[in-house]
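These are the residues of each chain, in order.
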Amino acid sequence: MSISHGIRRAGVIGAGQMGLGIAFVSAVHAKVPVLLHDRSSAQIKSGLSFFDKLLAKDVSKGKLTSEAAKEARDRVAVVDDLKGFKDADLVVEAVSENLAVKQGIFRTLSAELSPKTILATNTSSISITKIAASTIPEGKTAADPEGKESASRVVGLHFFNPVPVMKLVELIAAAQTSEETLNRARAYASACGKEVTYSKDVPGFVANGLLMPFINEAILMLEKGIATREDIDKTLKLGMNHPMGPLQLADFIGLDTCLAIQQTIHNGTGDSKYRPSVLLERMVDAQWYGKKSGKGFYDYPSE
Ligand SMILES: NC(=O)c1ccc[n+]([C@@H]2O[C@H](COP(=O)([O-])OP(=O)(O)OC[C@H]3O[C@@H](n4cnc5c(N)ncnc54)[C@H](O)[C@@H]3O)[C@@H](O)[C@H]2O)c1
């Protein structure tokens, strides 16, 4: 029997590359009203203008009628703070890959929203179980009914970049996630037009448990001078038929995000083979975050 997601209104926190994409597939494919929040008003502005560009592109390719595009755009509204998500049945958090920031957001969501609201995180690597525990109401324990109920509606919904294009969502249950939360989150990802795979809650899950050590190895090779950036990327493109090389992919993901993921895997496993490359650390120190900041392993002049 197929389970209905029952989401009448969704919320998305973070209007960066991922949050914007999640808002897009929610409005265009799942066809639900979407509330969008970011702490930066500049990011909201550039995110919404990118949203309009994506719609216009789909209309020009004949994927959407102009009426459907207008309806999708009209479904999106901006909210100024987390209280604005009061009427949402599902909120997807897509802010920077930082445990403390995510915990702060989930603590506030838990205090402000109904315990029935599903709280999903788009984290690439952080323990969903730890994030779920941050929703336990003040003064309650994990064993109290309120603590159990609150943590049971937290789930990992890991979309891929660029969200409108990539067909997958990785679904991750925290130790506390209820069966109902998991099934409804799965149904929501399907409504967004995605195939769903399931991973246990381990650092990096399946996707980044495999991808990020590979990217880190490519950066270590560059750091050691084994080959040029062009030859490293070309080897994987032409030799392994990858659509892009690992250094370019790292630029597209965001080098700050890559470093944060690799640190989570390194700390979470305690295995020295996952030590992040010093070159990657220095590039992030320099605020060379890749495509989104205009400079990474390659240069991306602003359009
Ligand atoms: N980039 C990828 O390829 C990719 C893929 C899958 C998952 N993810 C995950 O998605 C999340 C977001 O990644 P991204 O690439 O969109 O990052 P991004 O840097 O493009 O966007 C992050 C956004 O979060 C906002 N933000 C930060 N702190 C906030 C707060 N406290 N309240 C409200 N907004 C806040 C920032 O202003 C920014 O707009 C991360 O957890 C990342 O690991 C990224």
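Residues numbered from 1 in each chain as written. Predicted model: local features only at pLDDT ≥ 70, side-chain atom pairs only at ≥ 80, totals over all residues. Heavy atoms only, no water.

- By the naming in an unreviewed UniProt entry, the protein is 3-hydroxybutyryl-CoA dehydrogenase, taken from Dichomitus squalens.
- According to the UniProt record, the Sequence similarities (unreviewed entry) comment for the protein reads "Belongs to the 3-hydroxyacyl-CoA dehydrogenase family."
- Turning to the protein, the UniProt annotation filed under Pathway (unreviewed entry) states: "Lipid metabolism; fatty acid beta-oxidation." (UniProt positions renumbered as here; feature names shortened; annotations may be inferred.)

## Digging into the layout of surface pockets
Argument step 1. Considered as a void within the structure, the second largest pocket measures approximately 280 Å³ in volume.
Argument step 2. Surrounding the second largest pocket, 16 residues form its lining, L99, I126, A260, T264 and N267 being those nearest its centre.
Argument step 3. At 5 residues, the largest contribution of residues to the lining of the second largest pocket is made by helix α11 (residues 255–269).
Argument step 4. Of the residues contributing to the lining of the second largest pocket, the split by class is 5 nonpolar, 8 polar and 3 charged.
Argument step 5. Inspection of the lining of the second largest pocket shows a minimum of three residues originating in each of domain 1 (10–200) and domain 2 (206–293). (1 Å grid on protein atoms, 1.4 Å probe; cavity = no way out; pocket = protein on both sides within 12 Å on 5 of 7 lines; lining within 4 Å. Points joined across faces, edges and corners; volume = space filled by probe spheres on them. Helix = DSSP H or I, 4+ residues; strand = E, 2+ residues; numbered from the N terminus. Nonpolar A, V, L, I, M, F, W, Y, C, P; charged D, E, K, R; others polar. Domains from an automatic or database assignment.)

## Focus: the sheet that holds strand β8 (residues 195–199)
Argument step 1. Spatial strand order, β3-β2-β1-β4-β5-β6-β7-β8: 8 strands in an open sheet with mixed pairing. What marks the edges here is a single partner per strand, and that holds for β3 (76–78) and β8. Each neighbouring strand pair of the sheet contributes to a mean axis angle of 25°, computed without reference to strand direction.
Argument step 2. Of the pairings in the sheet, the one linking strand β1 (residues 10–13) to strand β4 (residues 90–93) comprises 4 bridges and is parallel in character. Bridging across to β4, A10 finds its partner in L90. (Pairing = 2+ DSSP bridges. Axes fitted to C-alpha atoms, helices over the stretch in contact; angles between N-to-C directions.)

## Observations regarding the site of the ligand
Argument step 1. What surrounds the ligand is a group of 24 residues, the closest being D38, E97, K102, S124 and I253.
Argument step 2. Within the contact set of the ligand, an oxygen atom lies 2.8 Å away from a side-chain nitrogen or oxygen of K102.
Argument step 3. Backbone polar atom of I253 to a nitrogen atom of the ligand: 2.8 Å apart, as the coordinates give it.
Argument step 4. Protein coverage of the free-state accessible area of the ligand, which is 840 Å², stands at 89%.
Argument step 5. Elements supplying a minimum of two residues to the shell around the ligand: α1 (17–30), α4 (99–112) and β6 (154–159).
Argument step 6. Counting residues per element, the shell around the ligand draws most heavily on α4, which supplies 3 residues.
Argument step 7. Split by residue class, the shell around the ligand holds 7 nonpolar, 12 polar and 5 charged. (Near = heavy atom within 4 Å. Polar contact = N/O pair within 3.5 Å; in protein donor to acceptor, adjacent residues only side chain to side chain. Areas by Shrake-Rupley, 256 points an atom, 1.4 Å probe, with all protein chains shown as cover.)

## Considerations on helix α2 (residues 41–60)
Argument step 1. Between its first and last C-alpha, α2 extends 29 Å over 20 residues, near the 28 Å set by a 1.5 Å rise per residue.
Argument step 2. The secondary structure elements touched by the buried residues of α2 are α1, β2 (34–37), α3 (66–74) and β3. (Expected span 1.5 Å × (residues − 1). Contact = heavy atoms within 4.5 Å.)

## Some remarks on the packing of aromatic side chains
Argument step 1. What the rule picks out here adds up to 2 aromatic pairs.
Argument step 2. A ring pair is formed by F24 and F51, whose centres lie 5.3 Å apart and whose planes are at 65°; its orientation type is edge-to-face. Of this pair, F24 sits in helix α1 while F51 sits in helix α2, and the two are 27 residues apart along the sequence.
Argument step 3. Between F252 and Y300, the ring centres sit 6.2 Å apart and the planes meet at 75°, which makes this aromatic pair edge-to-face. Within this pair, whereas F252 is found in helix α10 (residues 246–253), its partner Y300 is found in the segment after α12 (278–285), the two being separated by 48 residues in sequence.
Argument step 4. Look at Y300 and you get buried, because its relative accessible area is 17%.
Argument step 5. Sitting over the ring of F252, K291 keeps its end group 5.4 Å from the ring centre.
Argument step 6. Stacked on the ring of W288, the Lys or Arg K295 has its end atom at 4.8 Å from the ring centre. (Phe/Tyr/Trp six-rings, centres within 6.5 Å; stacked < 30°, edge-to-face > 60°. Buried < 20%, exposed > 50% of the residue type's maximum accessible area, 1.4 Å probe, protein only. Lys NZ or Arg CZ within 6 Å of the ring centre and 35° of its normal.)

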